[in-house]
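Each chain is listed here by its residues.
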Amino acid sequence: MSLRNEAPFRLGVVEGFFGTEWSWQARHDYADFLVQHGFNTYLYAPKAEALLRKAWHEPFPQEKLDKLNSLAEYYHARQLDFGVGLSPFEVYRNFDTSSRDLLAGKLEQINSFNPSVLCILFDDMQGNFPELARQQVEITEFITEKCTADNFIFCPTYYSDDPKLVEHFGDKPENYLEDIGKYLDPAIDIFWTGPEVFSALYSVEHLQSVAEKLKRLPLIWDNYPVNDAERMTDFLHLAPFPDQNEVLQKYSAGHLANPMNQAYLSQLPLFTLSSQYQGIANDNLLSQACQTLCPPGLAECIVQDAGLFQTQGLSGITSETKAKLKDRYKVYANHPMAKEIIDWLDGNYAFDPNCLT
């Protein structure tokens, strides 16, 4: 399998990180950003949303349903796919009548806000169980029968060749990916992060090998510019994406980026991603992003400081320099990017120890 099929290439954002969630205002603002810059998909799957993860069996309160319904309507009105990530934590341990009833109830609630896409996520779970693939496929079949979404995306427990997944979640069952590919409905996309959990590059050879196992082109979950891992929380990832669009457009089903806890600053690297898919690739994409998305003075500050934020990080910045940076950005404190920089300098984005990878 070398070339993608006729399905539209999915390009977008998956809010799928640990730590501080985005505000509901930021999520609404993202619809306008995405449609303006050529993206087509947003997936709501924050790790802090317990009611979609370890507490999946508990119902959403009406207030949360109202917010999700409003958000979905906002995206649909802009002709964007709005999706949600459901992670029924280790339900395959005992997928009995009680579990099925609880899962059906949660799906009924999800149907009420009419997502275009439902993601069925089996990541961040123990995986060293016999017949894991067959059990996960059975659960997926149950979910797809009950859910009214137009499209489905499956995330395997072992979503990369990275050995750290085995380290944290147990030995991968023999032929796990091959069995997923064999038994899972071919209309369902499958997430893949690449050779590593945090992959910088995706070679043709790697993508072809994965596609052969999965019996379909992988859908890339790109863990850039995300900064939720313990070694990353100190940094702001503002540098442009590596230019991989020609390879990914041919050898993957789509490219979804997992952004930073800082929603508005994440738009800077995301702008460079959309530019690359439009055939715009040069050494000044970050500067172009800042000039497009920020007022002039703030744009100049971010371009000047981006390298410091990306490579030196909080622990490498002296107290004196932090104070000077805060004074610089306070001039633009009414802009959400400047506010995020100030909050970051103040240490307000704490590492979530639930993030194992």
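Asker: Teacher, can you tell me more about the sheet that holds strand β6 (residues 189-192) here?
Answerer: With respect to topology, 8 strands assemble into a closed barrel ordered β1-β2-β3-β4-β5-β6-β7-β8, the strand pairing being parallel. For this sheet, the mean inter-axis angle between neighbouring strands, taken without regard to orientation, is 25 degrees. Pairing geometry for strand β7 (residues 219-222) and strand β8 (residues 254-257), over 4 bridges, is parallel. Residue pairing for β8: Ile-220 is matched across the bridge by His-255. Here helix α2 (residues 62-77) sits on the sheet in contact with β2 (41-44) and β3 (81-86), set at roughly 145 degrees to β3.

Asker: Whenever I open this one, empty space enclosed by the protein confuses me. Can you help?
Answerer: To find the voids left in a structure, one rolls a probe of water-molecule size over its atoms. For the structure shown, the criterion picks out 2 cavities of 30 Å³ or more. Taken together, Ala-45, Pro-46, Lys-47, Arg-53, Gly-85 and Leu-121 make up the full set of residues lining the second largest cavity. Looking at the lining of the second largest cavity, its residues break down into 3 nonpolar, 1 polar and 2 charged.

Asker: I'm lost on the layout of surface pockets in this one. Help?
Answerer: Considered as a void within the structure, the second largest pocket measures approximately 260 Å³ in volume. Lining the second largest pocket are 11 residues, and of these Phe-18, Arg-53, Lys-54, Asp-124 and Asn-354 sit closest to its centre.

Asker: I keep staring at helix α1 (residues 24-36) and nothing clicks. Help me out?
Answerer: Along an α-helix, a turn takes 3.6 residues, which lines up residues three or four apart on a common side. The end-to-end C-alpha separation of α1 is 19 Å, in line with the 18 Å expected for 13 residues at 1.5 Å each. Elements that come into contact with the buried residues of α1 comprise β1 (10-15), β2, α2, α9 (263-277) and α10 (285-293). Following α1 by one or two positions, Gly-38 has its phi on the positive side, about 85 degrees.

Asker: What's the story with the packing of helix α4 (residues 132-146) against helix α6 (residues 176-183) in this structure? I'm lost.
Answerer: Helix-helix packing is described using two parameters, namely the angle between the two axes and the distance between the axes. One way to put it is that α4 packs onto α6 with a least axis distance of 8 Å and a crossing angle of 35 degrees. Seen along the crossing, α4 lies across α6 with a hand that is right-handed. Between α4, through Leu-132, Ala-133, Arg-134, Gln-136, Val-137 and Glu-141, and α6, the contact on the second element is made entirely by Tyr-176, Asp-179, Ile-180 and Tyr-183.

Thresholds applied
- Residues numbered from 1 in each chain as written.
- Predicted model: local features only at pLDDT ≥ 70, side-chain atom pairs only at ≥ 80, totals over all residues.
- Heavy atoms only, no water.
- Pairing = 2+ DSSP bridges.
- Helix = DSSP H or I, 4+ residues; strand = E, 2+ residues; numbered from the N terminus.
- Axes fitted to C-alpha atoms, helices over the stretch in contact; angles between N-to-C directions.
- Contact = heavy atoms within 4.5 Å.
- 1 Å grid on protein atoms, 1.4 Å probe; cavity = no way out; pocket = protein on both sides within 12 Å on 5 of 7 lines; lining within 4 Å.
- Points joined across faces, edges and corners; volume = space filled by probe spheres on them.
- Nonpolar A, V, L, I, M, F, W, Y, C, P; charged D, E, K, R; others polar.
- Expected span 1.5 Å × (residues − 1).
- Left-handed = near helix turned anticlockwise from the far one by under 90°.

The analysis is restricted to geometry; functional conclusions fall outside its scope.
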